[in-house]
Structure formats: C-alpha cells, structure tokens
Amino acid sequence: MSIAESIEKYRAELGDVQLVAVSKTKPVEDLQAAYDAGQRHFGENKIQEMAAKHEELPKDICWHMIGHIQTNKIKYMASFVHLVHGVDRKKVLVELNKQAAKHGRTISCLLQMHIAKEDTKFGLDEGELREVLTELDQYPNVRVEGLMGMATNTSDVEVIGAEFAHLKSLFDEFQESLEWTTLSMGMSGDYKTAVAHGSTHVRIGSAIFGARNYSA
Ligand SMILES: *Cc1c(COP(=O)(O)O)cnc(C)c1O
C-alpha cells in the first residue's frame, strides 16, 4: 500500500479519532505524500528533526512532539509545536512555560503516564500525577489537555487492554473538572485496543510509512 492509501485507510477506519502520523526518521518526501493525501497531524520524537521538517513543509501542519523531552531543546519547537505528548516531569513544565511565555503563546501538552510493565518506558506514576495536577497554576502558559501512555510491548491483548483501561480511568477521573479533551494511546500494533478503550489520538508510524531504519 502506498503512503496515500494507508492514510486514507486509517482515516476512514478511525473516524473521529485523530490520526497522528508518526514520521520520525522518514524523509520529508514521505511526509509530503501523506500531506497530499490530506494528513495534517504529524508526530516526531526528536525536537530538532521536527523543527527541520517544520521549516521545509507547509505551515498548516500540526506538529506533535511524542518523544522524551530534553528540556534544553524546547526552545527549538516553542514557537510552533501543536501538542507535546511526553510531559513526564516538572522540569519539562517549567521550561515549556518559560519558552511559551517568550513567544507570547500557550503550549498544549499531555502528561505521560507510566502504564507499561517494562521499566524502560518514561512516565509519571499516579502519585506524581496527582501532585502535578495541584500545581498547574504555576504554569500559566501551559495548558494540560489530557494524558498519554504507551502499553507494554506484547502481543497479549489482555495485558494491553488492562493498561489502556487503567489510563482511561485516570483520564475519566479528571476529564470534567479539568476540561480535558485528549487521551493519546495506541500505535501501529495496538491502536485497535486503544480505540476500544476510548483513545482520542492514535500515534501510527510504521503501518503508514513502513519500517524505520535507524542505521541510516
Ligand atoms: C515511534 C512511536 C510511535 C509509533 O510507533 P509505530 O509502532 O511505528 O506505530 C508511537 N508513539 C511513540 C511515543 C513513538 O515513539
């Protein structure tokens, strides 16, 4: 399937769920092909790579930073980033707030929760989440819109389903009072389970653009 055909297939299948096309490591020609098929939301996991692609590509693209955030690089995306998914510590909120204020804007973000069994994946635990949520008024130029999480990398649908259900229950707990809109969960391998559990944004990369080659 071509990139354009994949975009059409996923957009038709997902309906109201937002497709974030994860284009990390891929050349701008591939992003342009997705763009020409109507895709406007793209996800990258390295700030400088995203900034370089933002320079080259049409300016109506909504750029999602889905990777782990190095705070010293936030300045490179502060003027244009649409949504920062991976906020997993206060230091990131502090720096996002500072850089957003410099640009006279508010930056939208999601708090990343640690829901997987692997301890290699980043994210807040429940206690840290509750603490951060009591302190949001310290970051007037940041708007927390919801939560993001990555399930364990397993083919066991029950494990994945339980992790997404847990994230959804946390989302539901705060959704009304904090006016949350966004629950980012699901990738190429587990997006169906994520959507079944109430995901609003899925982050799909390899199923659209093909396998990534990190050695290139
Ligand atoms: C790379 C990445 C994805 C996309 O992964 P695929 O398996 O290629 O769909 C989704 N979310 C995050 C956080 C990623 O880093």
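Quick one: what's the story with the site of the ligand, residue by residue and with numbers?
In the neighbourhood of the ligand, the contacting residues comprise Val 22, Lys 24, Ile 66, Met 148, Met 150, Met 187, Ser 188, Arg 203, Ile 204, Gly 205, Ser 206 and Arg 212. Taking Ser 188, its side chain carries an N or O atom lying 2.5 Å from an oxygen atom of the ligand. At 2.8 Å, a backbone N or O of Ser 206 approaches an oxygen atom of the ligand. Of the residues in the shell around the ligand, the class split is six nonpolar, three polar and three charged.

Lay out the side chain of Thr 193 in plain terms, naming residues and giving numbers.
Topologically, Thr 193 is positioned in helix α7 (residues 191-196). Residue classification places Thr 193 among the buried positions, given a relative accessible area of 14%. Sequence-distant contacts of Thr 193, defined by excluding residues within four places in its chain, comprise Val 157, Ile 160, Gly 161 and Phe 164.

Describe in detail the pairing of strand β3 (residues 62-65), supporting the description with residues and values.
Both faces of β3 are covered, namely the face carrying Cys 62 and His 64 and the face carrying Trp 63 and Met 65. Where strand β2 (residues 41-44) lies against β3, four bridges are found, and the strand directions are parallel. Paired with Glu 44 across the strands is Met 65, a residue of β3. Running through helix α3 (residues 47-56), the crossover from β2 to the neighbouring parallel element β3 is right-handed. The sheet contact formed by β3 and strand β4 (residues 83-87) spans two bridges and is parallel. Of the residues in β4, the one forming a bridge with His 64 is Leu 83.

Describe the packing of aromatic side chains, listing the residues and the values that go with them.
One pass over the full model with this rule turns up four aromatic pairs. Judged by centre distance (5.7 Å) and plane angle (55 degrees), the rings of Phe 174 and Trp 180 are tilted. Chaining the aromatic ring pairs together yields one cluster made of Phe 171, Phe 174 and Trp 180. One Lys or Arg, Lys 9, reaches over the ring of Tyr 10 and ends 4.2 Å from the middle of that ring. Sitting over the ring of Tyr 35, Arg 40 keeps its end group 3.5 Å from the ring centre.

Describe the packing of helix α5 (residues 126-133) against helix α6 (residues 157-175), naming the residues involved and giving the relevant values.
One way to put it is that α5 packs onto α6 with a least axis distance of 13 Å and a crossing angle of 20 degrees. With respect to each other, α5 and α6 are oriented roughly parallel. Judged by the twist between their axes, the crossing of α5 over α6 is right-handed. Here Glu 126, Leu 129, Arg 130 and Leu 133 of α5 come into contact with α6, specifically with His 166, Leu 170, Glu 173 and Phe 174.

Rules used in this analysis
Residues numbered from 1 in each chain as written. Predicted model: local features only at pLDDT ≥ 70, side-chain atom pairs only at ≥ 80, totals over all residues. Heavy atoms only, no water. Near = heavy atom within 4 Å. Polar contact = N/O pair within 3.5 Å; in protein donor to acceptor, adjacent residues only side chain to side chain. Nonpolar A, V, L, I, M, F, W, Y, C, P; charged D, E, K, R; others polar. Helix = DSSP H or I, 4+ residues; strand = E, 2+ residues; numbered from the N terminus. Buried < 20%, exposed > 50% of the residue type's maximum accessible area, 1.4 Å probe, protein only. Contact = heavy atoms within 4.5 Å. Pairing = 2+ DSSP bridges. Right-handed = clockwise from strand over helix to strand, strands pointing away. Phe/Tyr/Trp six-rings, centres within 6.5 Å; stacked < 30°, edge-to-face > 60°. Lys NZ or Arg CZ within 6 Å of the ring centre and 35° of its normal. Axes fitted to C-alpha atoms, helices over the stretch in contact; angles between N-to-C directions. Parallel < 35°, antiparallel > 145°, perpendicular 65-115°, else oblique. Left-handed = near helix turned anticlockwise from the far one by under 90°.

Such coordinate-based values are descriptive only and should not be taken to indicate function.
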